[in-house]
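Results of the structural survey
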Amino acid sequence: MRNRSHRPRAAVAMATAVLLGAGALTACDASGGDSPAPKGPSATKPSPKPTPTWDASPDSLAAVGDSITRGFDACSVLADCPEASWATGTDSEVRSLATRLLGKERAADHSWNHAKTGARMADLPGQVEQAVANRPELLTVMAGANDACRPSAASMTPVTEFRADFEKAMRTLRRELPKTQVYVSSVPDLMRLWSQGRTNPLGKQIWKLGICSSMLADPDARDAAATERRESVQSRVIAYNKVLKEVCAKDLRCRYDGGAVFEYRFDGDQLSHWDWFHPSKNGQSRLAELAYRQVKAKDPEG
């Protein structure tokens, strides 16, 4: 009886020794050689990656977007004027973002404008593919107005498609240029542009040619249907800006302007006197100033 009572204890002791030995081997293998096994939180949690530092002085710049970035109607009626572009223009009256950041001489051969008049967000991935070839250190994005400016409010780009196209453009960029910084402008307040331009008879005549009909058609109409149409366009612009902010926030090297362009109170001096809708040279200069302030800021506005 006494001998039998000792056998379970001996078996337990032997099993414990085996387990302890296995654990010792495992710990040794995990830490390598005879080094002690890591202890504390660092044993299971990797060190966090540092947030990339924003370079406020990029050496090159490429622009993508629509007619605003092409300087449409800034110099003559119904025509592009890229030299007056807020992003890459050479006009001394505008003092484009490229000129402010790079200086006049360097901006001449270190900035590129791939924007197209009439472009929508669906066109942005293709423009980004072109910009990638330049390998810019900064990419400016101003797109979305034409997604809201359609023949009718019903034909505006759905928000889900707008988001998918912008995300595709960002993936296109990151596939080739993971470190390029991005400045994203908000879509302008189209309702304010209508309220400013509708007081000018010449502007309203140009609007009849089909400029942003979803907002500008029948500019003097104030009935319920016209009001509802304009408000639906305005709501869509606000939704687009929310997408721009959210998608940009997921990229550590992307800065959204915090709604600065949408909130800017454009008046007659900042609007083209050819169509009273697109920015004049004065307006282009204001856009350049807003962008420069955001790019040079220590912290983004939003």
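Everything below is about the structure printed above this text.
Residues numbered from 1 in each chain as written. Predicted model: local features only at pLDDT ≥ 70, side-chain atom pairs only at ≥ 80, totals over all residues. Heavy atoms only, no water.

1. Things to note about the overall build of the protein
- Across its full length, the protein carries 12 helices and 5 strands.
- The contacts of the protein with a sequence gap of at least 6 include a subset with a gap of at least 24, amounting to 73%.
- On the protein, roughly 15600 Å² of surface is accessible, and the fraction owed to carbon and sulfur atoms is 54%. (Helix = DSSP H or I, 4+ residues; strand = E, 2+ residues; numbered from the N terminus. Contact = heavy atoms within 4.5 Å. Areas by Shrake-Rupley, 256 points an atom, 1.4 Å probe, with all protein chains shown as cover.)

2. Points about the pattern of salt bridges
- Enumeration according to the criterion identifies 8 salt bridges in this entry.
- For R163, the salt bridge goes to E246, with nearest N and O atoms at 2.7 Å. Highlighted residues: R163 in helix α6 (residues 159-176) and E246 in helix α10 (residues 224-249), separated in sequence by 83 residues.
- With its nearest N and O atoms 3.2 Å apart, the salt bridge here joins R293 to E289. Taken together, the residues R293 and E289, both in helix α12 (residues 281-296) and 4 residues apart, mark about one turn of the helix.
- Through salt bridges with shared partners, one network takes in R163, K242 and E246. (Salt bridge = Lys/Arg side-chain N within 4 Å of Asp/Glu carboxyl O.)

3. A few points about the environment of K116
- Within the secondary structure, K116 sits in the loop between β2 (111-113) and α4 (124-132).
- Along the primary structure K116 and R70 are separated by 46 residues, whereas in three dimensions their C-alpha atoms are 6.6 Å apart.

4. Considerations on the packing of α4 against α6
- Relative to each other, α4 and α6 sit at 15°, their axes nearing to 8 Å. Here α4 is positioned roughly parallel relative to α6, judged by the angle of their axes. The interaxial crossing formed by α4 with α6 has right-handed handedness. Where α4 abuts α6, its residues L124, P125, V128, E129 and V132 lie against D165, F166, K168, A169, T172, L173 and E176.
- Class assignment for the residues of the contact of α4 with α6 results in 7 nonpolar, 1 polar and 4 charged. (Axes fitted to C-alpha atoms, helices over the stretch in contact; angles between N-to-C directions. Parallel < 35°, antiparallel > 145°, perpendicular 65-115°, else oblique. Left-handed = near helix turned anticlockwise from the far one by under 90°. Nonpolar A, V, L, I, M, F, W, Y, C, P; charged D, E, K, R; others polar.)

5. Some points on the layout of surface pockets
- For the largest pocket, the calculated volume is near 370 Å³.
- Every residue lining the largest pocket is counted, 25 residues in all, and those nearest its centre are S67, N146, C149, F277 and H278.
- Of all elements in the fold, only α5 (145-148) and α7 (190-197) reach the threshold of two or more residues within the lining of the largest pocket.
- Counted by class, the lining of the largest pocket contains 15 nonpolar, 8 polar and 2 charged residues. (1 Å grid on protein atoms, 1.4 Å probe; cavity = no way out; pocket = protein on both sides within 12 Å on 5 of 7 lines; lining within 4 Å. Points joined across faces, edges and corners; volume = space filled by probe spheres on them.)

6. So, the state of the cysteines
- For the coordinates displayed, the defined rule picks out 3 disulfides.
- Across a sulfur-sulfur distance of 2.0 Å, C149 and C212 are joined as a disulfide pair. Between C149 and C212 the disulfide shows an S-S torsion of about -75°. By sign, it is left-handed. With a gap of 63 residues between them, C149 in the loop between α5 and α6 and C212 in the loop between α8 (201-207) and α9 (213-216) connect regions that are remote in the sequence. When sorted by exposure, C149 lands in the same class as C212, which is buried.
- Through a disulfide, C248 is tied to C254; the S-S separation comes to 2.0 Å. Between C248 and C254, the disulfide has an S-S torsion of -115° and is therefore left-handed. For the pair C248 and C254, a shared accessibility class is recorded, and that class is buried.
- Taken N- to C-terminal, the disulfide-bonded cysteines of the protein are connected 1-2, 3-4, 5-6. (Disulfide = S-S within 2.5 Å. Buried < 20%, exposed > 50% of the residue type's maximum accessible area, 1.4 Å probe, protein only.)

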